[in-house]
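For reference, the chains in residue letters:
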There are 4 protein chains.
Amino acid sequence: MNKINVVIWNEFRHEKTKEKARALYPNGLHATIKGYLDKNEDMEITLAALDDPDQGLSDERLQNTDVLVWWGHMAHDEVDSVLVKKIRDRVWEGKMGFIALHSAHMARPFCAIVGTEGVLSCGRNQKEIMWTLMPSHEISAGIPDHFLIEEEELYAEPFHIPEPDELVFGAWFEDGHILRAGAGFRRGAGKIFYFQPGHETCPSFHNPYVLRVIENAIRWVRPCEQVSPVKNACTWMHQPIVEEFKST
Amino acid sequence: MNKINVVIWNEFRHEKTKEKARALYPNGLHATIKGYLDKNEDMEITLAALDDPDQGLSDERLQNTDVLVWWGHMAHDEVDSVLVKKIRDRVWEGKMGFIALHSAHMARPFCAIVGTEGVLSCGRNQKEIMWTLMPSHEISAGIPDHFLIEEEELYAEPFHIPEPDELVFGAWFEDGHILRAGAGFRRGAGKIFYFQPGHETCPSFHNPYVLRVIENAIRWVRPCEQVSPVKNACTWMHQPIVEEFKST
Amino acid sequence: MNKINVVIWNEFRHEKTKEKARALYPNGLHATIKGYLDKNEDMEITLAALDDPDQGLSDERLQNTDVLVWWGHMAHDEVDSVLVKKIRDRVWEGKMGFIALHSAHMARPFCAIVGTEGVLSCGRNQKEIMWTLMPSHEISAGIPDHFLIEEEELYAEPFHIPEPDELVFGAWFEDGHILRAGAGFRRGAGKIFYFQPGHETCPSFHNPYVLRVIENAIRWVRPCEQVSPVKNACTWMHQPIVEEFKST
Amino acid sequence: MNKINVVIWNEFRHEKTKEKARALYPNGLHATIKGYLDKNEDMEITLAALDDPDQGLSDERLQNTDVLVWWGHMAHDEVDSVLVKKIRDRVWEGKMGFIALHSAHMARPFCAIVGTEGVLSCGRNQKEIMWTLMPSHEISAGIPDHFLIEEEELYAEPFHIPEPDELVFGAWFEDGHILRAGAGFRRGAGKIFYFQPGHETCPSFHNPYVLRVIENAIRWVRPCEQVSPVKNACTWMHQPIVEEFKST
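These numbers come from a predicted model, not from an experiment. (Residues numbered from 1 in each chain as written. Chains lettered and ligands numbered in written order. Predicted model: local features only at pLDDT ≥ 70, side-chain atom pairs only at ≥ 80, totals over all residues. Heavy atoms only, no water.)

Novice: Hey, could you go over the overall build of chain A for me, with residue numbers and the actual values?
Specialist: From N to C terminus, chain A includes eight helices and ten strands. Relative to its length of 248 residues, chain A is compact, with a C-alpha radius of gyration of 19 Å against a globular reference of 18 Å. Principal-axis analysis of the C-alpha atoms gives chain A an extent of 65 × 40 × 35 Å. Residues counted as buried form 69% of the 248 residues belonging to chain A. Restricting the contact set of chain A to residue pairs at least 6 apart, pairs at least 24 apart contribute 72%. On chain A, the mean spot of the 26 positive side-chain charges and the mean spot of the 37 negative ones are 3 Å from each other. (Helix = DSSP H or I, 4+ residues; strand = E, 2+ residues; numbered from the N terminus. Rg over C-alpha atoms; globule rule 2.2 N^0.38 Å. Buried < 20%, exposed > 50% of the residue type's maximum accessible area, 1.4 Å probe, protein only. Contact = heavy atoms within 4.5 Å. Lys, Arg positive; Asp, Glu negative; His and termini not counted. Charge placed at Lys NZ, Arg CZ, Asp CG, Glu CD.)

Novice: Describe the interface of chain B and chain A, with residues and values.
Specialist: Quite often, the size of an interface is put as the accessible area lost when its parts meet. Listed by partner, the interface residues are 20 residues for chain B and 20 residues for chain A. Contact between chain B and chain A buries roughly 1600 Å² in total, counting both sides, with carbon and sulfur atoms accounting for 71%. Taken together, the links from chain B to chain A amount to zero salt bridges. Summed over the shared surface of chain B and chain A, the number is four residue pairs in polar contact (both at pLDDT 80 or more). In terms of residue count, strand E7 (residues 166-173) of chain B provides more of the side of chain B that touches chain A than any other element does, five residues in total. Across the side of chain B that touches chain A, the residue classes break down as eleven nonpolar, four polar and five charged. (Buried area = accessible area lost by both parts, 1.4 Å probe. Salt bridge = Lys/Arg side-chain N within 4 Å of Asp/Glu carboxyl O. Polar contact = N/O pair within 3.5 Å; in protein donor to acceptor, adjacent residues only side chain to side chain. Nonpolar A, V, L, I, M, F, W, Y, C, P; charged D, E, K, R; others polar.)

Novice: Outline helix H5 (residues 81-92) of chain B, listing residues and values.
Specialist: Given a rise of 1.5 Å per residue, twelve residues ought to cover 16 Å, and the 16 Å separating the end C-alpha atoms of H5 of chain B matches this to within 8%. Listed as buried for H5 of chain B are Leu83, Val84, Ile87, Arg88, Asp89, Arg90, Val91 and Trp92 of chain B. (Expected span 1.5 Å × (residues − 1).)

Novice: Kindly report on the relation of the copies chain A and chain C, identifying the contributing residues and their values.
Specialist: Note on the copies: chain A fits chain C at an RMSD of 0.0 Å, the axial shift is 0.0 Å, and the rotation between them is 180 degrees. The two molecules are tied by a two-fold rotation axis, judged by turn and shift. Judged by C-alpha distance, Gly115 of chain A is the residue of chain A that lies nearest the rotation axis, at 2.0 Å. Comparing interface residues between copies, 100% of those in chain A also sit at the interface in chain C, which points to an isologous, same-surface contact. (Least-squares fit on C-alpha atoms with pLDDT ≥ 70 in both.)

Novice: Explain the side chain of Thr132 of chain D residue by residue, including any values.
Specialist: Residues and elements named next belong to chain D. On the secondary structure map, Thr132 appears in strand E5 (residues 121-132). At 2.9 Å, the side chain of Thr132 forms a polar contact with the backbone oxygen of Pro144. Excluding its chain neighbours within four sequence positions, the residues that come into contact with Thr132 are Ser140, Ile143, Pro144, Asp145, Val168 and Phe169.

Novice: So, the packing of helix H3 (residues 29-37) of chain C against helix H7 (residues 208-221) of chain C: which residues are in play, and what are the values?
Specialist: How two helices pack is summed up by the angle between their axes together with the distance between the axes. All names here are of chain C. Interhelical geometry of H3 versus H7 gives an angle of 75 degrees and a closest axis separation of 10 Å. Overall, the two elements H3 and H7 adopt an arrangement that is roughly perpendicular. Where H3 abuts H7, its residues Ile33, Tyr36 and Leu37 lie against Pro208, Leu211, Arg212, Ile214, Glu215 and Ile218. Of the residues belonging to the contact of H3 with H7, the class tally is seven nonpolar, no polar and two charged. (Axes fitted to C-alpha atoms, helices over the stretch in contact; angles between N-to-C directions. Parallel < 35°, antiparallel > 145°, perpendicular 65-115°, else oblique.)

Novice: Could you give an account of the environment of Asp59 of chain D, naming the residues involved and the relevant values?
Specialist: All names here are of chain D. Here Asp59 lies in helix H4 (residues 59-63). Take Asp59: its relative accessible area is 40%, and that puts it in the partly exposed class. Between the alpha carbons of Asp59 and Lys86 there is a distance of 8.6 Å; along the sequence they are 27 residues apart. For Asp59, the side chain forms a polar contact with the side chain of Lys86, separated by 2.6 Å.

Novice: Please provide a residue-by-residue account of the pairing of strand E5 (residues 121-132) of chain A, values included.
Specialist: For E5 of chain A, a buried count of ten out of twelve residues is recorded, marking the element as mostly surrounded by other parts of the structure. In the sheet, E5 of chain A pairs with strand E6 (residues 146-156) of chain A via nine bridges, with the strands oriented antiparallel. Within E6 of chain A, the position partnered with Asn125 of chain A by the bridge is Glu153 of chain A. By the bridge criterion, three bridges tie E5 of chain A to strand E10 (residues 235-237) of chain C in an arrangement that is parallel. By the bridge assignment for E10 of chain C, Cys122 of chain A is matched with Trp236 of chain C. Bridge count between E5 of chain A and strand E7 (residues 166-173) of chain A: five bridges; the pairing is antiparallel. The partner of Ile129 of chain A across the bridge, within E7 of chain A, is Trp172 of chain A. (Pairing = 2+ DSSP bridges.)

By themselves, these are just geometric observations and shouldn't be taken as functional.
So, in structure tokens, the structure goes:
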């Protein structure tokens, strides 16, 4: 089996300017996630950032990416529209899976792929408890029925995403809120996963369960073997499909 | 439009033996719910209890019931197996909707209809906040994005129900738990709704939002007009369905 | 109960230029649908067309529309982008339901609301049989388990819409194809329904079952009573929600 | 990674008594499926039959089974009730996946696990075309957007199963029918897949695509790593979950 080519894309600005973020993630949070994932022999992990040439995703690189993990926050608007469309199409065509972390609920590629503006409520950092709602799901493999996140930014309902196709995790927050915190979506021939933990001033990407969820999600969103290419335009069927089989 | 014939079935034992339950619901919690619902001109509400003749549901009565609301707790096992099957079949055939309140997550009719044993975690009475997850749903009409329930019994995940077809409400509990608290299911031609508030020592059935949810749910689970009778056994198609249309 | 303000929007060009379309729908297919729906005392039906001033939907009119029914085909691209965004937002905010008929699977408002490009396979007009997959659904009320559509344009899988939240109808086509032909979606606080029959050269909008589905769908997508306004932007929670209740 | 222990359970009577079934599947259809699957180094495949001791599934064997594939038809009622409950519980507890083939839509374990009586319409053998509805799904990996099954027994809607959690395949039949033909379900911590082809007088278990679907489904229903054991009864939470973390 070929390795899964994973690109972890990070806006990578907070870690350069915010002391607390730098202390937690000295080489960027994408590098921290990579450090955990590198043990997996079935994955090839590389990093990309907004301020890299081509915003980190040249055409060639994108065409070799099986799974794109995305973290962005204050610079969503700087992400190039043409790139956004390329990412969306690659996911819809079943050539690449997509994972949106934390504030990427409003990232342009996530919104374009699933069809949302990602509006939610937010608030001060606080205690969070993550609950597994689908113990049968590949993404909750190895995750207990609940685990603690000592400190996370409050992200809360109402969360105006489309109905999740697979609601894997729900979150409890100290201040009285809940969130559909881990949600799988399917669009075209592609799979998408959103996962809420990961504020830049919180140590969530050092939490082994959060990291395991990301690891599981990479395997889940990974493209399946596609035999019939996904069409980009409506196709006129010139002969009855029943006829088609007559010659076989 | 004909009135909706609603039967509110209550185990009706706690209110006779437990002082706190009697104080809150002197004529039974079913009577309290009826008191609120009676204002609806499109509903005809009657009461039934476990210790009534025929456990409150003679064949004749059942055949005239459009929506069956069910509350049971300590005497689930006393409910007659034959009656359970009649209820299940009536729901599956699309002739009656079913609403399970609170501890009815383990009531025999609910388990038979949706296919579950209804296992969850529970604990002491505490503060609960109910969150609306589907603002587009008929059952959340008139309900704000969240409301407080001052005191309710803790009911929490893991909740081993089948995946809800429509997850309308989620609950936050003081002690660190969440619950998929308001869930719609479809089985055969019938609709079912489970709603978690309603412990016998808590005033939830005096809460106007809880009552409004029950009111909305009655209209939602109400049977739709059925043209093709739901079959109870597999049917052999003697001629191609395409032929059937030749004579029309 | 207030009447449901329904606007049936039609591209309304084929009926002016194509003899067969004109013969079937002399005043436009929207007028034919209106003729059937006018019997409903709970609905106020009006018509709009692409070539009307403001493309038929001035701000004032849109703000008074509860349900927008949409038929478009060859002129999707002419629909104004600003109008598309207004329609999408009104649906997401739960103020208006949306019904997409036939070739509106690629209409700009439908694509913007549910997040799709609506790609499918198509082919020559042929015999279709519509099958009810959800007999419990409000939209299939009064519809038999199957009905014949003598002649319809082939619309077939693969249909790259997001996973339907509610798959009400499936279609069989003579040439060997199937389609997820009647599909409900929820986005934000709004409801959307897509229904496949309705090619301009086919008499589908004279078929009583097709018309009944549209009638049912209008009642289903109709906005529910909204208490909490749907937010257009993320909201910062300045105090714990638990505190909020202390003053009540 | 440990091998997946797969047991293919077959009623195994038709192949002994019906000439056409014997000709197609001389050692039983389960042996034919095993012949195809044996190439997979990650699977250990064994066979079981109704007339074996313990109906083929002793306690010890069941406890070592990761995936149970089931084919039954005329002798559903002979399957032992105690065994049925053991199978159901093992699936709900996330220890075993379950695949129901063809006429197993009415098999007692399938009905107990998903909560259905499995009623559908059926008819003469005919041409079937299988359509992939979820190209993103693990179970459709390597399957084209459609494939022909030259001859299969008609199985058709209305099919009164619970709403599928994942509707992977839809079928077209020559006589004018469709079926939700490949459907995934989740119950408790377990996964279940139903797949319609496989009548005993049809060569479907020699069709490479049908076999590939079964192979994919084995990997999909395979239990995930479970950390928190699934409870068989409601659990009282003696202390706030938030307290639980204080000692960690």
